[in-house]
Amino acid sequence: MLEHIELFFRSIFIDNMVFAVFLGMCSYLAVSKKVATAVGLGAAVIFVLGVTVPLNWLLDQYLLRDGALAWLGPEYADYNLGFLSFILFIATIATMVQLVEIVVEKFSPALYNSLGIFLPLIAVNCAILGGSLFMQSRDIQTFGLAVNYGISSGIGWFLAILTIAAIREKIRYSNVPPPLRGLGITFIITGLMGIGFQSFGGMLTGGDEVPPAEETTVEVPVKSEGTNTEQTVERTAVTGADSEKKEIENELSKKDKEISYTEAINR
Amino acid sequence: MALLTKKDANLIIDPLTDNNPITIQVLGICSALAITAELKASVVMAIAVIFVMGVGNVVISLMRNIIPAKIKIIVQLIVVATLVIVVDQVLKAFAYELSKTLSVFVGLIITNCIIMGRFEAFALGNGLWRSFLDGIGNALGYGVILVIVGFIRELLGSGTLFGYPVLGDPIAKTGLYATGYENNGFMIIPPAALIVVGIIIWVQRTQNPALVEEG
């Protein structure tokens, strides 16, 4: 239960799709001029993420990762179809978006009309594919957590587009320098909001420590592909001064990715 | 006939300046921001996108008369995904460290809106050579911004370029650091990329007031 709550808040605030990893920026910038349309797109993103991440989790678990085919019989245990994940994930996403479009059109024409143009946009929204790829690289363990991850990162994206739309509605009344109007100021506001969201990093630890996901595993044996030598990576030794903290966090998240990549390869 | 007529040349030059995919068309922002903390990653990403867009535009242009309109998005996604898998596997084989730095963002080239946007807007309606030029031009426009942002962020954030220290040694206090200069940690964190791009847009529109938008 605790890990569900942690993952939920983590994906909404700390690893926010927009502010921490810049996913779905195109539609975020294009559709955030009015709150009403932003809400529509945000809701659609929550739904599609909530469906595709668990589906792709199943694909990854039972088809793609190294040894995933073991359920077919011991002779298949050595297969690693990981390189196919891009194409299968995007196929799932395109199919689901098409399906959602058909279902919504059939059962709620009003919603379909208000979402109409955005639904196909979702297929090429990087937040959706990014959700599945991060699900894969962060090694989400159970189906329940995958559902949770999909929905909560959707909520994080929703929150971001809602906030920026509200700000952009108000900013029309302020005197922005002409060259900065529109796109420029939106970028800068998003940057400032991103800085604000960075402070949520302390939310789950209560202050001075690095976010917990980085310090859960103490030592992870990593086999680097090129050399095939075992090496151990310390992931918790973070006692640096405050000024260095950002750099260290950066390093850590890099290592995090590195580790999940190599883990995925070795599994 | 010259290899590049003036009209053809514009296909490459326009996206570099007045029709830049990132600062004007607002496409493909995600990856532009996420991997620009290091110049090397930016350059590799730019090359990957140039490859995917050049080849992808040609393929789509060749198939433009046989793709049924109803499934064109899926066909486009499959073409891009195939090319991206090639890029990803090549990176993993020859530049493993770098592929780890880029992590999921190589995969996200698939959903880079520049690619889908150019397929839709250009390759589906134009011949092979012009589509190729258009793809290369737009990818270059994207790459230019990526390299500028990567350059600024790595120089100010870490004092290095391509990993080589250019401002002196921060620990031994040589070079610029001897004067009391400190690395700007702000440039390394993700939001800095947004602000740098915002400033690039500001500068570009100050120089060319025709690009200023309303609201």
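Predicted model, so just to flag it, every value in this text is computed and none were measured.

**Q** Please clarify how the environment of B:G157 should be interpreted in this entry.
**A** All names here are of chain B. Structurally, the position occupied by G157 is in helix α8 (residues 128-158). Distance from G157 to L194, taken between C-alpha atoms, is 15 Å for residues 37 residues apart in sequence. What G157 contacts, discounting residues up to four positions off in sequence, is I152, N183, N184, M187 and I188.

**Q** Where do I start with the UniProt feature "transmembrane region" (unreviewed entry) in chain B in this structure?
**A** Residue and element names in this part refer to chain B. Per the UniProt record, "transmembrane region" (unreviewed entry) is annotated on residues 41-62, 74-95, 101-119, 131-152 and 185-203. Between the first and last C-alpha atoms of residues 74-95 the distance is 30 Å; the span itself is 95% helix and 0% strand. The straight-line gap between the two end C-alpha atoms of residues 131-152 is 32 Å; of that span, 100% is helix and 0% is strand.

**Q** Help me out: how do you make sense of the packing of helix α8 (residues 143-171) of chain A against helix α9 (residues 183-198) of chain A in this one?
**A** For any two helices packed against each other, one specifies the crossing angle of their axes together with the interaxial distance. Residue and element names in this part refer to chain A. Running from amino to carboxyl end, α8 crosses α9 at an angle of 130 degrees, the nearest separation of the two axes being 11 Å. The angle between α8 and α9 falls in the class oblique. The crossing of α8 and α9 is right-handed. Only I185, T186, I189, T190, M193 and F197 of α9 make contact with α8, whose side of the interface consists of L159, A160, T163, I164, I167, R168 and I171.

**Q** What is the right way to look at a nonpolar patch on the surface in this model?
**A** All names here are of chain A. Taken together, the side chains of L55, L58, Y62, L63, W71, L72, Y76, Y79 and F143 make up a nonpolar region of the molecular surface, amounting to roughly 840 Å² of accessible area. The dominant element in the nonpolar patch, judged by the number of residues it contributes, is helix α3 (residues 35-64), at four residues. Inspection of the secondary structure puts L58 in helix α3.

**Q** What exactly am I supposed to notice about the UniProt feature "transmembrane region" (unreviewed entry) in chain A here?
**A** Residues and elements named next belong to chain A. In this numbering, the UniProt entry assigns the feature "transmembrane region" (unreviewed entry) to residues 12-31, 38-59, 79-104, 111-134, 146-167 and 179-200. The span residues 12-31 shows a helical share of 45% and a strand share of 0%, and its end C-alpha atoms are spaced 20 Å apart. As a span, residues 146-167 carries 100% helix and 0% strand, and end to end its C-alpha atoms are 32 Å apart.

**Q** Is there a simple way to think about the packing of helix α4 (residues 85-107) of chain A against helix α7 (residues 126-137) of chain A in this case?
**A** Residue and element names in this part refer to chain A. Interaxial distance between α4 and α7 falls to 10 Å at its minimum, and their mutual angle equals 135 degrees. Judged on the interaxial angle alone, α7 and α4 are oblique. The handedness of the crossing between α4 and α7 is right-handed. Of the residues in α7, those touching α4 at S85, F86, F89, I90 and I93 are I128, L129, S132, L133, M135 and Q136. Split into classes, the residues belonging to the contact of α4 with α7 amount to eight nonpolar, three polar and no charged.

**Q** Just checking my understanding: could you explain the confidence of the model for chain B for this structure?
**A** The predicted coordinates ought not to be read in detail in places where the model reports low pLDDT. All names here are of chain B. Chain-level statistics for chain B give a pLDDT mean of 82 and a share of 96% at 70 or above. Taken element by element, chain B is modelled with least confidence in helix α2 (residues 29-34), mean pLDDT 73, and with most confidence in helix α3 (residues 39-63), mean pLDDT 88. Here the predicted complex carries an ipTM of 0.80, next to a pTM of 0.76.

**Q** Explanation requested: the nonpolar core in the structure shown.
**A** Soluble globular proteins: nonpolar side chains tend toward being buried together. A:L23, A:M25, A:Y28, A:W157, A:F187, B:L33 and B:F105 are the most contacted members of the largest nonpolar core, which has 111 residues in total. Here the element with the most residues in this core is helix α4 (residues 72-94) of chain B; it accounts for 10 residues. Apart from residues lying up to four places away in sequence, A:Y28 is in contact with A:V18, A:F19, A:W157, A:A160, A:I161, A:I164 and A:T190. B:L39, B:L155, B:L161 and B:Y177 belong to the second-largest nonpolar core, a separate cluster that totals five residues.

**Q** Sorry, what's going on with the packing of aromatic side chains here?
**A** For any pair of aromatic rings, the description rests on two quantities: the centre-to-centre distance and the angle between the ring planes. Residues and elements named next belong to chain A. A full pass over the atoms with the stated rule returns nine aromatic pairs over all chains. Aromatic pair F19 and F197: ring centres 4.5 Å apart, planes at 40 degrees, arrangement tilted. One end of the pair, F19, is in the loop between α1 (2-14) and α2 (25-30); the other, F197, is in helix α9, and 178 residues separate them in sequence. Both residues of the pair, F19 and F197, count as buried. Through successive ring pairs, a cluster of aromatic residues spans F8, F9, F13, F19, F197 and F200. The ring of F134 has R138 sitting right over it, with the charged end atom 4.4 Å from the ring centre.

**Q** It is not clear to me how the interface of chain B and chain A should be interpreted in this structure. Could you clarify?
**A** A common way to express how large an interface is: the accessible area buried when the components associate. With 48 residues of chain B at the contact, the number on the chain A side is 50 residues. Between chain B and chain A, a total of about 4,600 Å² is buried, with carbon and sulfur atoms accounting for 78% of that surface. Across the contact surface, chain B and chain A share zero salt bridges. Across the contact surface, chain B and chain A share zero residue pairs in polar contact (both at pLDDT 80 or more). Elements represented by at least two residues in the side of chain B that touches chain A include exactly α2, α4, α5 (96-102), α6 (104-107), α7 (113-121) and α9 (190-207) of chain B. The greatest single-element share of the side of chain B that touches chain A, amounting to 11 residues, is contributed by α9(B). By residue class, the composition of the side of chain B that touches chain A is 32 nonpolar, 10 polar and six charged.

Conventions adopted
- Numbers given for residues are sequential positions, taken from 1 along each chain in its written order.
- All chains are assigned letters beginning with A, and all ligands numbers beginning with 1, in the order in which they are written.
- The predicted origin of the model limits local features to residues at a pLDDT of at least 70 and limits the giving and counting of side-chain atom pairs to 80 or more, whereas totals for whole chains, interfaces and linings rest on all residues.
- To get the side-chain values, all heavy atoms of the structure are used, and hydrogens and water are removed first.
- The way it works is that DSSP assigns letters per residue, a run of H or I at least four long becomes a helix, a run of E at least two long becomes a strand, and they are numbered from the N terminus.
- By definition in these notes, contact holds between two residues if any of their heavy atoms fall within 4.5 Å.
- UniProt positions are given in the numbering used here, feature names are shortened, and annotations may be inferred rather than shown by experiment.
- All axes are obtained by fitting lines to C-alpha atoms, using only the stretch in contact for helices, and the reported angles, taken between N-to-C directions, cover 0 to 180 degrees.
- Each angle is binned into one of four classes, with values under 35 degrees roughly parallel, values over 145 roughly antiparallel, values of 65 to 115 roughly perpendicular, and all other values oblique.
- A clockwise turn of the near helix away from the far one marks a right-handed crossing, whereas an anticlockwise turn of less than a right angle marks a left-handed crossing.
- By definition, no residue in a patch forms a salt bridge, and every one has over 30% relative accessible area; like charges are joined within 9 Å, nonpolar side chains (Val, Leu, Ile, Met, Phe, Trp, Tyr) within 5 Å.
- Residue burial considers only the protein chains on display, and all accessible areas are found by Shrake-Rupley using a 1.4 Å probe.
- By convention in these notes, a salt bridge is any Lys or Arg side-chain nitrogen within 4 Å of a carboxyl oxygen on Asp or Glu.
- Throughout, the ten residues Ala, Val, Leu, Ile, Met, Phe, Trp, Tyr, Cys and Pro are labelled nonpolar, Asp, Glu, Lys and Arg are labelled charged, and all others, Gly among them, are labelled polar.
- Residue-level confidence of the predictor is summarised by pLDDT, bounded by 0 at the bottom and 100 at the top.
- Definition of nonpolar core: a set of buried residues of the types Ala, Val, Leu, Ile, Met, Phe, Trp, Tyr and Cys, connected through side-chain atoms within 4.5 Å.
- Residue exposure (1.4 Å probe, protein chains only): buried if accessible area is under 20% of the type maximum, exposed if over 50%, otherwise partly exposed.
- Only centres within 6.5 Å qualify two rings of Phe, Tyr or Trp (six-membered ring in Trp) as a pair; their planes then separate them into stacked at under 30 degrees, edge-to-face at over 60, and tilted for everything else.
- Over a ring means this: the NZ of a Lys or the CZ of an Arg is within 6 Å of the ring centre and within 35 degrees of the ring normal.
- In this description, buried area is defined as the sum, over both parts, of the accessible area (probe of 1.4 Å) that is lost when the two are combined.
- N or O atoms within 3.5 Å of each other form a polar contact, as long as, within protein, one can give a hydrogen and the other can take it, and as long as residues adjacent in sequence are counted only when both atoms are side-chain atoms.

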